[in-house]
Amino acid sequence: MKWIVGLGNPGMKYASTRHNIGFMAIDALSNRFGIEIRESKCKALIGEGHVGTEKVALIKPMTFMNLSGEAVRAYMDYYKTNIDDFIVLYDDLDTELGKIRLRYQGSAGGHNGIKSIIQHLGTQSFNRMRMGISRPEPGREIVDYVLSGFAKKDQDMLQQTVEKTCDAVEFALTHTFEQTMAKFNG
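A short tour of the structure in this document, coming up. (Residues numbered from 1 in each chain as written. Predicted model: local features only at pLDDT ≥ 70, side-chain atom pairs only at ≥ 80, totals over all residues. Heavy atoms only, no water.)

Here's the deal with the overall build of the chain
Formally: The way it works is that DSSP assigns letters per residue, a run of H or I at least four long becomes a helix, a run of E at least two long becomes a strand, and they are numbered from the N terminus. Two things to know: the radius of gyration comes from C-alpha atoms, and the globule rule equals 2.2 Å times the number of residues to the power 0.38. Buried means the residue's accessible area, taken with a 1.4 Å probe over protein chains only, is under 20% of the maximum for its type, while exposed means over 50%, and partly exposed covers the values in between. Residue contacts are defined here by distance: any two heavy atoms, one from each residue, within 4.5 Å place the two residues in contact.
Looking only at helices and strands, the chain features six helices and seven strands. Taking 186 residues into account, the globule formula puts the C-alpha radius of gyration at 16 Å, and the chain, at 15 Å, falls close to it. By its C-alpha atoms, the chain is 45 × 30 × 30 Å across when sized along the principal axes. Looking at the 186 residues of the chain, the share that counts as buried comes to 53%. Pairs at least 24 residues apart make up 69% of the contacts formed inside the chain by residues separated by at least 6 positions.

Here's the deal with the layout of surface pockets
The test is simple: Both site types are read off a 1 Å grid over the protein atoms alone. A 1.4 Å probe that fits but cannot get out defines a cavity, while an open set with protein on both sides within 12 Å along at least five of seven lines defines a pocket; lining residues have an atom within 4 Å of a point. Grid points are joined across faces, edges and corners, and a volume is the space filled by probe spheres set on the points. Throughout, the ten residues Ala, Val, Leu, Ile, Met, Phe, Trp, Tyr, Cys and Pro are labelled nonpolar, Asp, Glu, Lys and Arg are labelled charged, and all others, Gly among them, are labelled polar.
By volume, the largest pocket amounts to about 480 Å³. Secondary-structure elements contributing two or more residues to the lining of the largest pocket are β5 (86-92), β7 (127-132) and α4 (142-146). Split by residue class, the lining of the largest pocket holds 10 nonpolar, eight polar and seven charged. Counted as a void, the second largest pocket has a volume near 210 Å³. Taken together, 14 residues make up the lining of the second largest pocket; nearest its centre are I83, D84, D85, N127 and F177. The class makeup of the residues in the lining of the second largest pocket is six nonpolar, four polar and four charged.

Regarding the sheet that holds strand β6 (residues 100-103)
Adjacent strands of a sheet form backbone hydrogen bonds with each other and so pair up, either parallel or antiparallel. Our working definition: Pairs of strands are assigned from DSSP output, requiring at least two bridges between the strands. Lines fitted to the C-alpha atoms define the axes, with helices restricted to the stretch that makes contact. Angles between their N-to-C directions range from 0 to 180 degrees.
The mixed open sheet is built from seven strands, whose spatial order is β2-β3-β4-β1-β5-β7-β6. The sheet is open, and its two edges are formed by β2 (39-41) and β6, each paired on a single side. Here the strands of the sheet are splayed against their neighbours by 25 degrees on average, with no regard to which way each runs. By the bridge criterion, six bridges tie β5 to β7 in an arrangement that is parallel.

Pasting the structure below:
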């Protein structure tokens with residue numbers, strides 16, 4: 001079973017913020033695959049279904065970003081899942097809006113959700129899809145930037161980022177993560 005975790009913050013206040021682009025991708029995957037996300041378990045909202053022959057779980061941690069690792073660990077322990085079948089989707093300031101970057105290991109790079117996952121899993125080796133949100137203009141606080149919404153002029157690029165992420169996740173269901181990186185990092 002593949003388990004896909006999108007990072008974000010719960011609540012309508014954060015729904016359309018840059019920090020919630022991971023949740024946006026999970027919602028888009030839910031629509032694409034016809035998997036309803038409604039079960040509340042393991043400190044997360046979860047939807048399970050099949051895509052072709054692959055069983056898939058779509059997961060939105062409800063712990064707030066800084067504690068995302070709690071939900072990831074709880075899910076992993078409860079379902080006895082394999083870390084190799086795990087992919088996390090999250091916002092990345094160092095990637096341009098409209099682009100994605102895939103990695104299978106590395107530091108948190110200042111992202112508190114990833115830092116929490118690394119702490120709770122005890123490893124930096126897990127599959128990641130970094131969704132570009134670009135950096136703010138000089139002088140603008142990072143926290144204010146990531147917790148603000150996308151400008152109207154950025155909506156097409158936002159949609160492009162979410163679609164690319166969904167395409168990469170769908171490809172990863174039937175290919176290795178290395179093959180997925182080769183195809184989508186280019």
